[in-house]
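The primary structure of each chain is shown beneath.
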Amino acid sequence: MLTDVLTGWTAETLGGLTVLTAAAAWGWFSRRRAARPAATALPAAAQRVRTYTLLGARATDGQPVHLPSSRPAGTRVTWTGPAGKAQFELTDGMLPDGTYAAEQVAAYGRA
């Protein structure tokens, strides 16, 4: 009778410890995975590259100037062209050709 009690107790204890260990390991791994940063944890604005058309600027061949940039709208950029340096502000305004507008800062009297 004592052997039956000890055998039953040992099996239940080992089973309970196994379940407890598995639950602790699962919790530890899930917390560790949640705390790890994602591989693509870049801001949405940094992932998007837009092509801007510099309004009022022409290249040496007379074509409009296109500038690819991942900078957000409101950023000022300086472009050196045939007529010299000019400052442009990137906007969210989309043009009919699918590019975004970059307006010349000097055209509005703000410097």
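Residues numbered from 1 in each chain as written. Predicted model: local features only at pLDDT ≥ 70, side-chain atom pairs only at ≥ 80, totals over all residues. Heavy atoms only, no water.

*Asks:* It is not clear to me how the overall build of the protein chain should be interpreted in this structure. Could you clarify?
*Replies:* The secondary structure content of the protein chain amounts to 2 helices and 5 strands. Per-residue burial for the protein chain yields a buried fraction of 18% across its 111 residues. Contacts in the protein chain between residues at least 24 apart in sequence constitute 28% of all its contacts with a sequence separation of at least 6. (Helix = DSSP H or I, 4+ residues; strand = E, 2+ residues; numbered from the N terminus. Buried < 20%, exposed > 50% of the residue type's maximum accessible area, 1.4 Å probe, protein only. Contact = heavy atoms within 4.5 Å.)

*Asks:* How do you make sense of the pairing of strand β1 (residues 50-58) when you look at a structure like this?
*Replies:* When a strand is regular, its side chains alternate between the sheet's two faces. Looking at chain direction, β1 and strand β2 (residues 64-69) are connected through 6 bridges and run antiparallel. If you follow Arg58 over to β2, its bridge partner there is Pro64. Relative to strand β5 (residues 100-104), β1 is paired through 3 bridges, and the arrangement is parallel. The residue of β5 that forms the bridge with Leu54 is Ala102. (Pairing = 2+ DSSP bridges.)

*Asks:* I would appreciate a short explanation of the confidence of the model for the protein chain in the present structure.
*Replies:* Note: predicted coordinates in regions of low pLDDT should not be interpreted at a detailed level. The share of residues in the protein chain with pLDDT of 70 or more is 78%, and the mean pLDDT across the chain is 81. Model confidence for the protein chain, summarised as mean pLDDT per element, is weakest for helix α2 (residues 44-47) at 56 and strongest for β5 at 92. (pLDDT = per-residue confidence, 0-100.)

*Asks:* Mind showing me how you'd approach the pattern of salt bridges here?
*Replies:* Pairs may arise between side chains of opposite charge once their charged atoms sit close together. This structure, assessed with the given rule, holds 2 salt bridges. Between Arg50 and Asp92 there is a salt bridge; the shortest N-O distance is 2.7 Å. Note that Arg50 is positioned in strand β1 and Asp92 in strand β4 (residues 84-94), a separation of 42 residues in sequence. For Arg50, a relative accessible area of 12% corresponds to the buried category. Overall, the relative accessible area of 51% leaves Asp92 in the exposed class. (Salt bridge = Lys/Arg side-chain N within 4 Å of Asp/Glu carboxyl O.)

*Asks:* How should the packing of aromatic side chains be read in this particular structure?
*Replies:* Aromatic ring pairs are described here by two measures, namely the spacing of the ring centres and the angle between the planes. Inspection of the entire model under this criterion finds 2 aromatic pairs. Ring geometry for Tyr52 versus Tyr100: centroids 6.0 Å apart, planes at 50 degrees, classification tilted. Residue Tyr52 is located in strand β1, and its partner Tyr100 is located in strand β5; the two are separated by 48 residues in the primary sequence. The class of Tyr52 is buried, set by a relative accessible area of 0%. Tyr100 gets classed as buried once you look at its relative accessible area, which sits at 16%. When the ring centre of Tyr100 is taken as reference, the NZ or CZ atom of Arg50 above it lies at 4.0 Å. (Phe/Tyr/Trp six-rings, centres within 6.5 Å; stacked < 30°, edge-to-face > 60°. Lys NZ or Arg CZ within 6 Å of the ring centre and 35° of its normal.)

*Asks:* Whenever I open this one, the sheet that holds β5 confuses me. Can you help?
*Replies:* Two pairing modes exist for strands in a sheet, parallel and antiparallel, and in both the strands are linked by backbone hydrogen bonds. The strand order across the open sheet built from 5 strands is β2-β1-β5-β4-β3, with neighbouring strands paired in mixed fashion. Two strands close off the open sheet at either side, each with one partner strand: β2 and β3 (76-81). Averaged over all neighbouring strand pairs, the angle between strand axes comes to 40 degrees, with direction disregarded. (Axes fitted to C-alpha atoms, helices over the stretch in contact; angles between N-to-C directions.)

*Asks:* It is not clear to me how the environment of Gly81 should be interpreted in this structure. Could you clarify?
*Replies:* By the secondary structure assignment, Gly81 is in strand β3. Classification of Gly81 by relative accessible area gives buried; the value is 18%. Each C-alpha atom, one on Gly81 and one on Val65, is 9.3 Å from the other, the two residues being 16 residues apart in sequence.

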